[in-house]
Amino acid sequence: MPSIKVRVAAAVALAIALPFSATACGGGGGGGGGDTIVIGTKFDQPGLGLKNPDGTMSGFDVDVAKYIAKELGYSEDKIEWKESPSGQRETLIQNDQVKYIVATYSITDARKQKVDFAGPYLLTGQSLLVKADNTDITGPESLQNNKKLCSVSGSTPAQRIKDKYPGVQLQQYDTYSACVEALKNGAIDAVTTDEVILAGYAAQTSGAFKIVGKPFSEERYGVGLKKGDTDLRTKINNAITKMEQDGTWKAAFDKNLGPAGITAPAPPPVDK
Ligand code: GLU
């Protein structure tokens, strides 16, 4: 989890960057056609999608997004990054504010009503993060015992808790970093989302938190894009397949998620 200092620096960097990104957006826009491309990702998920205090972007999702952009003909300096919180992703795509989104975005039938997905490019599952010294939270069932659980609005983990564990006191925030902050200061007892995301936060805080239990869902990460754009979907699927085959996928996984203690799984084949 970023320190307060880092978070302030990130906010300042963002404020400075905003007027310029507004200009860049006028040039290309989410729909493309200009010489820039707007890509959606997370800005606060270490190891996956993170905006650093110096304004650079890092993480596995960022590397997947960049590889796809390169295959589409956009070098790194032509990318404009758009923060894409879980609850806003379908809308950002539908309104042409982004060309595509790589943001720990699970492929689901409900979302497929509104957007299309390329991929999957990674499989993971929902899990729980608690303080390192916690002993009474062992899995989702143990949360029904008056525990406060944090997740994010519009996410599949929040929905699964509402559907399967209605007795749990679920608090929905806009971002997982806000949940982790609340876990740190004791306002909540646990955070739930995908294991890779939780591992990224745990690695950043050296020993303050731990992941408990076994993953209790299957999340298939896809690249979200405009519904009906089969040409773009095919190009992105080809890019993902190429990235998996030429070794870039594994190298990106090891670089970004290796420090969080996760070994690279076999990359999943893309859907037909
Ligand atoms: N993969 C889940 C989802 O797409 C959780 C992670 C997230 O919210 O980005 O909802």
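Residues numbered from 1 in each chain as written. Predicted model: local features only at pLDDT ≥ 70, side-chain atom pairs only at ≥ 80, totals over all residues. Heavy atoms only, no water.

### Some details on the overall build of the protein chain
- Counting secondary structure elements, the protein chain contains nine helices and 13 strands.
- In the protein chain, buried positions account for 49% of the 272 residues.
- Accessible surface, the protein chain as shown: approximately 12,000 Å² in total, 52% of it carbon and sulfur. (Helix = DSSP H or I, 4+ residues; strand = E, 2+ residues; numbered from the N terminus. Buried < 20%, exposed > 50% of the residue type's maximum accessible area, 1.4 Å probe, protein only. Areas by Shrake-Rupley, 256 points an atom, 1.4 Å probe, with all protein chains shown as cover.)

### A word on the packing of aromatic side chains
- Scanning the entire structure with this criterion turns up seven aromatic pairs.
- Between the aromatic rings of tyrosine 121 and tyrosine 221, the centroid separation amounts to 6.2 Å while the plane-to-plane angle is 50°, which identifies the pairing as tilted. Taken together, the positions of tyrosine 121 in strand 7 (residues 115-124) and tyrosine 221 in strand 13 (residues 219-226) put the pair 100 residues apart, joining distant regions of the chain.
- Tyrosine 121 gets classed as buried once you look at its relative accessible area, which sits at 0%.
- Between tyrosine 165 and phenylalanine 216, the aromatic rings sit 6.3 Å apart at their centres with planes inclined by 85°, giving edge-to-face as the arrangement. Taken together, the residues tyrosine 165 in the loop between helix 5 (156-164) and strand 10 (169-173) and phenylalanine 216 in the loop between strand 12 (209-212) and strand 13 connect sequence positions 51 residues apart. (Phe/Tyr/Trp six-rings, centres within 6.5 Å; stacked < 30°, edge-to-face > 60°.)

### Side note on the nonpolar core
- Grouped together as the largest cluster of nonpolar side chains are 49 residues, with contacts concentrated most on Phe60, Tyr100, Tyr121, Leu129 and Val223.
- Counting residues per element, this core draws most heavily on helix 2 (residues 60-71), which supplies seven residues.
- Beyond its immediate stretch of four places on either side in the chain, leucine 129 contacts Val180, Leu183, Asp189, Ala190, Val191, Leu198, Tyr201, Ala202, Phe209, Lys210 and Ile211. (Core = buried A, V, L, I, M, F, W, Y, C linked by side-chain atoms within 4.5 Å. Contact = heavy atoms within 4.5 Å.)

### A short note on the site of the ligand
- The environment of the ligand is made up of 17 residues, and the closest members are Ser86, Thr104, Ser106, Tyr176 and Asp194.
- Serine 86 places a side-chain nitrogen or oxygen 2.6 Å from an oxygen atom of the ligand.
- At 2.7 Å from a nitrogen atom of the ligand is found a side-chain nitrogen or oxygen belonging to serine 106.
- Considering the ligand on its own, with 280 Å² of exposed area, one finds that the protein chains cover 100% of that surface.
- Breaking the shell around the ligand down by element, the ones donating at least two residues are helix 5, strand 11 (190-194) and strand 13.
- Taken together, the residues of the shell around the ligand break down into six nonpolar, six polar and five charged. (Near = heavy atom within 4 Å. Polar contact = N/O pair within 3.5 Å; in protein donor to acceptor, adjacent residues only side chain to side chain. Nonpolar A, V, L, I, M, F, W, Y, C, P; charged D, E, K, R; others polar.)

### Here we look at the side chain of serine 84
- By the element assignment, serine 84 lies in the loop between strand 5 (79-83) and helix 3 (89-94).
- A relative accessible area of 0% places serine 84 in the buried class.
- At a separation of 3.0 Å, a polar atom in the side chain of serine 84 contacts the main-chain carbonyl oxygen of lysine 82.
- Apart from residues lying up to four places away in sequence, serine 84 is in contact with Gly40, Thr41, Lys42, Arg89, Leu92, Ile101 and Ala103.

### Quick look at the sheet that holds strand 4 (residues 57-58)
- Pairing within the open sheet is antiparallel, and its three strands lie in the order 2-3-4. In this open sheet, the two edge strands, each paired with only one partner strand, are strand 2 (44-45) and strand 4.
- Direction of pairing for strand 3 (residues 49-51) relative to strand 4: antiparallel, over a ladder of two bridges. The partner of leucine 50 across the bridge, within strand 4, is serine 58. (Pairing = 2+ DSSP bridges.)

### Some thoughts on helix 9 (residues 248-257)
- Burial in helix 9 covers these residues: Trp249, Ala252, Phe253, Asn256 and Leu257. Viewed along the axis of helix 9, the buried residues span an arc of 100°, placing them on a single side of the element.
- Buried residues belonging to helix 9 abut helix 2, strand 7, helix 7 (195-204) and helix 8 (230-245). (Arc of directions from axis to C-beta.)

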